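This is what each chain is made of:
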Amino acid sequence: MPAALIFKRQFLPNYCDGHRNRDGSRARFQAARERLLLEQAAPYFWGMSSQETLFPEAAPAMPDGFRYQPALISPQEERDLIEHLSRLPLKPFAFHGYQGNRNVKAFGYRYDYARRRAEPAGDMPDFLVPLRRRIAQFAGRAPDDFVQVLATEYPAGAGIGWHRDKPQFEEVVGVSLLSPANFRLRKKVVAGWQRRSQRIEPRSAYLLSGIVRHDWEHSIPPQAAPRYSITFRTLAASKVAP
Ligand SMILES: O=C(O)CCC(=O)C(=O)O
């Protein structure tokens, strides 16, 4: 059966029993109605299989190694963490003399951009211990594996550009606080970029490991509302400064 006829039968149930003029031609209003419905529905039809037209389009799968966990912590835990974070001596992110519009504080290790290495930083504060236990459970690792923590404050209008985490670090778990964000992923392919994204809600966590951590870049576009993130990282054993 021609595609156009399948389309008409599917989207225009009255197609076969429309009003007719005396001479047998279809009444004008019926033809106009048909045209309108065709215009509205055609984009959903062409290019899809007849099976797909029955269901909304499914979001493409996220890359291997990406996991997302909504509601990892409670609203009260979120409030307590924000209270602690707001008292930390956060400093503007600095990169080769350029200052980003987000504010950060590293624990365990910090990345030195001038020397291109991870260097020891101050101990992780006690208030992060229960959260580290929770994210380790989510990641299926021991809490002590997560030896690096970065607290980041994004004021309204701030985001983070496309990047991969430094090779000194391995797995990354990020916890979001205060407002949602669009976590974008991209990977270079022959014809351009393959792209994915995940809306990350406050109190949620995401994991980057394996393929998504090594082969994909990630970024967060500037947002209207302030947000905090706490990212925990394991070390890539052989790549740490002696
Ligand atoms: O805020 C976030 O969740 C992303 C942080 C990030 O990509 C980074 O610190 O490298």
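Please refer to the structure higher up on the page.
Residues numbered from 1 in each chain as written. Predicted model: local features only at pLDDT ≥ 70, side-chain atom pairs only at ≥ 80, totals over all residues.

Asks: Whenever I open this one, the environment of Ala181 confuses me. Can you help?
Replies: Residue position: Ala181 is located in strand β9 (residues 181-189). Taking the number of C-beta atoms within 10 Å as the measure of exposure, Ala181 has 24 and is therefore buried. Distance from Ala181 to Pro221, taken between C-alpha atoms, is 8.0 Å for residues 40 residues apart in sequence. Excluding residues within four positions of it along the chain, Ala181 makes contact with Ser176, Ile200, Ile220, Gln223 and Arg227. (Helix = DSSP H or I, 4+ residues; strand = E, 2+ residues; numbered from the N terminus. Buried ≥ 20, exposed ≤ 12 C-beta atoms within 10 Å, placed from the backbone. Contact = placed C-beta atoms within 7 Å.)

Asks: Is there a simple way to explain the sheet that holds strand β2 (residues 91-95) in this structure?
Replies: Adjacent strands of a sheet form backbone hydrogen bonds with each other and so pair up, either parallel or antiparallel. Taking strand neighbours across the sheet as the criterion, the seven strands line up as β1-β11-β8-β13-β6-β3-β2 in an open arrangement whose pairing is antiparallel. Sheet topology places β1 (66-69) and β2 at the edges, where each strand pairs with a single neighbour. Neighbour-to-neighbour, the strand axes of the sheet open up by a mean angle of 30 degrees, direction not taken into account. The sheet contact formed by strand β3 (residues 98-107) and strand β6 (residues 146-154) spans five bridges and is antiparallel. Among the inter-strand pairings, Val104 is bridged to a residue of β6, identified as Thr152. Across the sheet, helix α3 (residues 75-86) is in contact with β6, β8 (169-177) and β13 (227-235); its angle to β8 comes to roughly 105 degrees. (Pairing = 2+ DSSP bridges. Axes fitted to C-alpha atoms, helices over the stretch in contact; angles between N-to-C directions.)

Asks: Whenever I open this one, the site of the ligand confuses me. Can you help?
Replies: Every residue close to the ligand is listed here: Leu150, Thr152, Ile160, Asp165, Gly174, His218, Ile220, Ser229 and Thr231. Of all the secondary-structure elements, those providing two or more residues to the shell around the ligand are β6, β12 (217-220) and β13. Here the shell around the ligand is built from residues that sort into three nonpolar, five polar and one charged. (Near = placed C-beta within 6 Å. Nonpolar A, V, L, I, M, F, W, Y, C, P; charged D, E, K, R; others polar.)

Asks: What should I look at first to understand unusual backbone geometry in this one?
Replies: A negative phi angle characterises most non-glycine residues, just as the trans form characterises most peptide bonds. Even without being glycine, Leu178 reaches a positive phi, approximately 85 degrees. Assignment of secondary structure puts Leu178 in the loop between β8 and β9. One non-glycine residue, Arg203, lies in the positive phi region at around 80 degrees. Positionally, Arg203 belongs in the loop between β10 (192-200) and β11 (205-208). When the 19 C-beta atoms within 10 Å are taken as the criterion, Arg203 is described as partly exposed.

Asks: Explanation requested: the pairing of β8 in the structure shown.
Replies: One face of the sheet, then the other: side chains in a regular strand alternate in exactly this way. Here β8 lies mainly inside the structure; nine of its nine residues are buried. One ladder, built from four bridges, connects β8 with β11; its direction is antiparallel. Looking at β11, one finds that Val175 is bridged to Ala205.

Asks: What's the story with the sheet that holds β9 in this structure? I'm lost.
Replies: The four strands lie next to each other as β7-β12-β9-β10, forming an open sheet whose pairing is antiparallel. Two strands bound the open sheet, and with one partner strand each, they are β7 (160-163) and β10. Adjacent strand axes in the sheet meet at a mean angle of 20 degrees, parallel and antiparallel pairs treated alike. In this sheet, β12 lies alongside β9 in antiparallel orientation, the contact comprising three bridges. Across the sheet, the residue bridging to Arg184 is Ser219, located in β12.

Asks: Can you help me understand the nonpolar core in this one?
Replies: Among soluble globular proteins, nonpolar side chains are generally buried collectively. Ranked by size, the top nonpolar core spans 36 residues in total, and within it Ile135, Val173, Val175 and Tyr206 carry the most contacts. Sorting the residues of this core by element identifies α3, α4 (129-139), β6, β8, β9, β11 and β13 as the ones contributing at least two each. It is β8 that contributes the most residues to this core, five residues altogether. In this view, Val175 contacts Leu72, Leu131, Ile135, Ala205, Ser229 and Ile230; residues no more than four positions away in its chain are not counted. (Core = buried A, V, L, I, M, F, W, Y, C linked by C-beta atoms within 7 Å.)

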